[in-house]
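What follows is each chain in one-letter form.
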Amino acid sequence: MSLATLKGNTRRRGPAGLVLIILAWIIFGLILVLPLYIVVSQGLQRGFVTFWEAISEPDAISALKLTLLATAISVPLNLVFGLAAAWCVTKFEFRGKSLLVTLIDMPFSVSPVVAGLIYVLLFGAQSWFAPFLNEHNLQIVYAVPGIVLATIFVTFPFVARELIPLMEEQGTTEEEAARLLGANGWQMFWHVTLPNVKWALVYGVVLCTARAMGEFGAVSVVSGHIRGLTNTMPLHIEILYNEYNIVAAFSVAILLLAMALVVLLLRQWSEARLARQLDVKDDH
């Protein structure tokens, strides 16, 4: 049977396939589309003026700025950490390699709340570092540095985990050829490795950004919920909702949803470019 015939047979769907497609769309609508519709309808329930007042009041602006600040710091750092970790794991053989891979995956298995508690135990008022921090007037937990550290922790694996499988599949042949031609490590990285992984890197950064903007658990523990100072957008939405300010809560949620939509579009674009890059390599 030829490949074209196999593809043609795959495209034909019988009654069972049609039922599965309809069922998938129903589940998609109930689980994803309907909640998003409720968020938008509730946020705009009292008109655009009320919506604008909710997202432009000082506490909402402060939460937006803090969310963008934590994202702007954590994502570039995780880009560097993830790229270095992926390079180390895929290009070198050394003792403890499996342990390093396990540690990279740890934030996936550790609850974000536990991650936040770790930083409270490390830098809180009863921690070993408390005397040093007090002496130098440094505040980690219940301040911006703690929020950034918690965000870095929970988003660390995303870049590395997108790069490691691709770099393992590519192997080291091209780098070895570049080395034989006289290239140094920096030249190999810029002219061989980076062009081969750039779209996977972009995809990992997009996923990292989405998680950083929406992180709640770890940030909630280390933030202290100080209104106008240490509340990110998810925390601000929770406070508004707990105060029964439903319209304002859903209005800010719409803003966060719009940011997530932009990230989703970037994800689709980078995913398409990555798939195209892999197809080109398979053809060669």
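Keep in mind the model is a prediction, meaning the values are calculated, not measured.

Asks: Just to check I follow, could you spell out the UniProt feature "transmembrane region" (unreviewed entry) in the chain for this structure?
Replies: The sites that carry the UniProt feature "transmembrane region" (unreviewed entry) are, in the present numbering, residues 16-40, 60-87, 99-120, 140-160, 200-226 and 246-266. As annotated, residues 16-40 comprises 100% helix and 0% strand, and the C-alpha atoms at either end are separated by 35 Å. Within the segment residues 246-266, helix and strand shares are 100% and 0% respectively, and the terminal C-alpha atoms sit 30 Å apart.

Asks: Could you clarify how one ought to interpret helix 2 (residues 15-43) in this entry?
Replies: Relative to the 42 Å expected for 29 residues at 1.5 Å per residue, helix 2 spans 40 Å between its end C-alpha atoms, a close match to the ideal helical length. At G29, helix 2 is deflected by roughly 40°, the largest bend along its length.

Asks: Please clarify how the nonpolar core should be interpreted in this entry.
Replies: Core analysis: the largest hydrophobic core is formed by 24 residues, its most contacted members being I104, V159, L163, I164, V197 and L201. Of all the secondary structure elements, the ones that give two or more residues to this core are helix 4 (58-91), helix 9 (157-170) and helix 11 (185-214). Of the residues forming this core, the biggest block, 10 residues, is contributed by helix 11. The next biggest cluster of nonpolar side chains, apart from the first, holds 21 residues, and it includes F51, A63, M233 and A249.

Asks: In this structure, what is going on with the pattern of salt bridges? I would like to understand it.
Replies: Pairing of side chains with opposite charge becomes possible as their charged atoms draw close. Under the criterion given, the structure shown has 5 salt bridges. Put simply, R227 and D59 hold a salt bridge, and the shortest N to O gap is 3.1 Å. Within this pair, whereas R227 is found in the loop between helix 12 (217-223) and helix 13 (233-242), its partner D59 is found in helix 4, the two being separated by 168 residues in sequence. Residue R227 is classed as partly exposed on the basis of its relative accessible area of 34%. For the salt bridge of E215 with R211, the shortest nitrogen-to-oxygen distance reads 2.9 Å. On the basis of relative accessible area, E215 is assigned to the buried category, the value being 4%. When salt bridges that share partners are traced, they join D59, R227 and E243 into one network.

Asks: Before we go on, may I ask you to explain the UniProt feature "domain: ABC transmembrane type-1" (unreviewed entry) in the chain in this structure?
Replies: Under the UniProt annotation, the feature "domain: ABC transmembrane type-1" (unreviewed entry) is placed at residues 64-265. The straight-line gap between the two end C-alpha atoms of residues 64-265 is 20 Å; of that span, 79% is helix and 0% is strand.

Asks: Could you clarify how one ought to interpret the packing of helix 9 against helix 11 in this entry?
Replies: The axes of two packed helices give the description: the angle between them and the distance between them. Across the interface, helix 9 lies against helix 11 with an axial gap of 7 Å and an inter-helix angle of 155°. Classed by the angle they form, the pair helix 9 and helix 11 counts as roughly antiparallel. The two elements helix 9 and helix 11 meet at a crossing, and its hand is right-handed. Between helix 9, through F158, V159, E162, L163, L166, M167 and Q170, and helix 11, the contact on the second element is made entirely by T193, N196, V197, A200, L201, Y203, G204, V205, L207, C208 and R211. Considering only residue class, the contact of helix 9 with helix 11 consists of 12 nonpolar, 4 polar and 2 charged.

Quick notes on the rules
- Residues numbered from 1 in each chain as written.
- Predicted model: local features only at pLDDT ≥ 70, side-chain atom pairs only at ≥ 80, totals over all residues.
- Heavy atoms only, no water.
- UniProt positions renumbered as here; feature names shortened; annotations may be inferred.
- Helix = DSSP H or I, 4+ residues; strand = E, 2+ residues; numbered from the N terminus.
- Expected span 1.5 Å × (residues − 1).
- Bend = angle between axes of the 7 residues up to and from the residue.
- Core = buried A, V, L, I, M, F, W, Y, C linked by side-chain atoms within 4.5 Å.
- Buried < 20%, exposed > 50% of the residue type's maximum accessible area, 1.4 Å probe, protein only.
- Salt bridge = Lys/Arg side-chain N within 4 Å of Asp/Glu carboxyl O.
- Axes fitted to C-alpha atoms, helices over the stretch in contact; angles between N-to-C directions.
- Parallel < 35°, antiparallel > 145°, perpendicular 65-115°, else oblique.
- Left-handed = near helix turned anticlockwise from the far one by under 90°.
- Contact = heavy atoms within 4.5 Å.
- Nonpolar A, V, L, I, M, F, W, Y, C, P; charged D, E, K, R; others polar.

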